[in-house]
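Spelled out from the first residue to the last, the chains are:
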Amino acid sequence: MAAEGFVFVFFLVLALGIPLVLYWAMESETKNLPRMDREEAERRAREEGEKYNRQSTRERRD
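Values in this document were obtained by computation on a predicted structure and should not be read as measured data.

Conventions adopted
Note on numbering: residues in each chain are counted from 1, in written sequence order. In view of the model being predicted, local features appear only for residues whose pLDDT reaches at least 70, and side-chain atom pairs are presented and counted only at 80 or more, with totals across whole chains, interfaces and linings using the full set of residues. With hydrogens and water excluded, all non-hydrogen atoms of the structure serve as input to the side-chain values. Comment: elements are numbered from the N terminus, with helices defined as DSSP H or I runs of at least four residues and strands as E runs of at least two. As a reference, a globule follows 2.2 Å times the number of residues to the power 0.38, and the radius of gyration itself is taken over C-alpha atoms. Each residue is placed in one exposure class: buried if its accessible area under a 1.4 Å probe, protein chains only, is under 20% of its type's maximum, exposed if it is over 50%, and partly exposed if it falls in between. Residue burial considers only the protein chains on display, and all accessible areas are found by Shrake-Rupley using a 1.4 Å probe. When charges are counted, Lys and Arg contribute as positive and Asp and Glu as negative, whereas His and the chain ends are disregarded. Taken as the charge location is NZ of Lys, CZ of Arg, CG of Asp or CD of Glu. A pairing counts as a salt bridge when a side-chain nitrogen of Lys or Arg comes within 4 Å of a carboxyl oxygen of Asp or Glu. Any two rings among Phe, Tyr and Trp, with Trp reduced to its six-membered ring, count as a pair given centres within 6.5 Å; such a pair is stacked if its planes are under 30 degrees apart, edge-to-face if over 60, and tilted if neither.

Colleague: What's the story with the overall build of the protein chain in this structure? I'm lost.
Modeller: A count of helical and extended segments in the protein chain gives two helices and zero strands. Here the C-alpha radius of gyration of the protein chain, 23 Å, is well above what a compact globule of 62 residues would show, namely 11 Å. Expressed along its principal axes, the backbone C-alpha trace of the protein chain runs to roughly 65 × 35 × 10 Å. Per-residue burial over the protein chain gives 2% buried out of 62 residues. Carbon and sulfur atoms make up 62% of the accessible area of the protein chain, which amounts to about 6,400 Å² in all. For the protein chain, the separation between the mean place of its 11 positive charges and that of its 12 negative charges on side chains is 7 Å.

See the structure below:
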């Protein structure tokens, strides 16, 4: 009887603990993100897109 209670409590702790740990990890990962205005974001997106296109073009040639 005590073993069944232990198993229940163990899975209850896992069911509540794992989502909380994942939530905490995601929250800490997204703290202090750089802020930028729309123009800066568009400029960076264009630069990264060009970099990606150059890289994928090179891979297709090889």
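Having put the structure on the table, let's press on.
Colleague: Would you mind going over the pattern of salt bridges with me for this structure?
Modeller: If the charged atoms of two oppositely charged side chains come close together, the side chains can form a pair. If you walk through the whole model with that rule in mind, you get five salt bridges. Among the ionic pairs, Glu40 bridges to Arg44, the shortest N-O distance being 3.0 Å. One end of the pair is Glu40 and the other is Arg44, both in helix H2 (residues 38-61) and four residues apart, which spans about a single turn. On the basis of relative accessible area, Glu40 is assigned to the partly exposed category, the value being 22%. Its relative accessible area of 36% is what places Arg44 among the partly exposed residues. Its salt-bridge partner being Glu47, residue Arg43 comes within 2.4 Å of it at the nearest N-O pair. With Arg43 and Glu47 both in helix H2, this residue pair falls four residues apart, about one helical turn. When its relative accessible area of 35% is taken as the criterion, Arg43 is described as partly exposed.

Colleague: In this structure, what is going on with the packing of aromatic side chains? I would like to understand it.
Modeller: The geometry of two aromatic rings is summed up by the distance between their centres and the angle between their planes. Following the criterion strictly, the structure yields two aromatic pairs and no others. Taking the centre distance of 6.2 Å and the plane angle of 20° together, the rings of Phe6 and Phe10 count as stacked. Note that Phe6 and Phe10 are positioned in helix H1 (residues 2-29) at a spacing of four residues, about one turn of the helix. Residues Phe10 and Phe11 carry aromatic rings whose centres are separated by 5.5 Å and whose planes lie at 75° to one another, so their mutual orientation is edge-to-face. Relative accessible area serves as the criterion here: at 52%, Phe11 is assigned to the exposed category.

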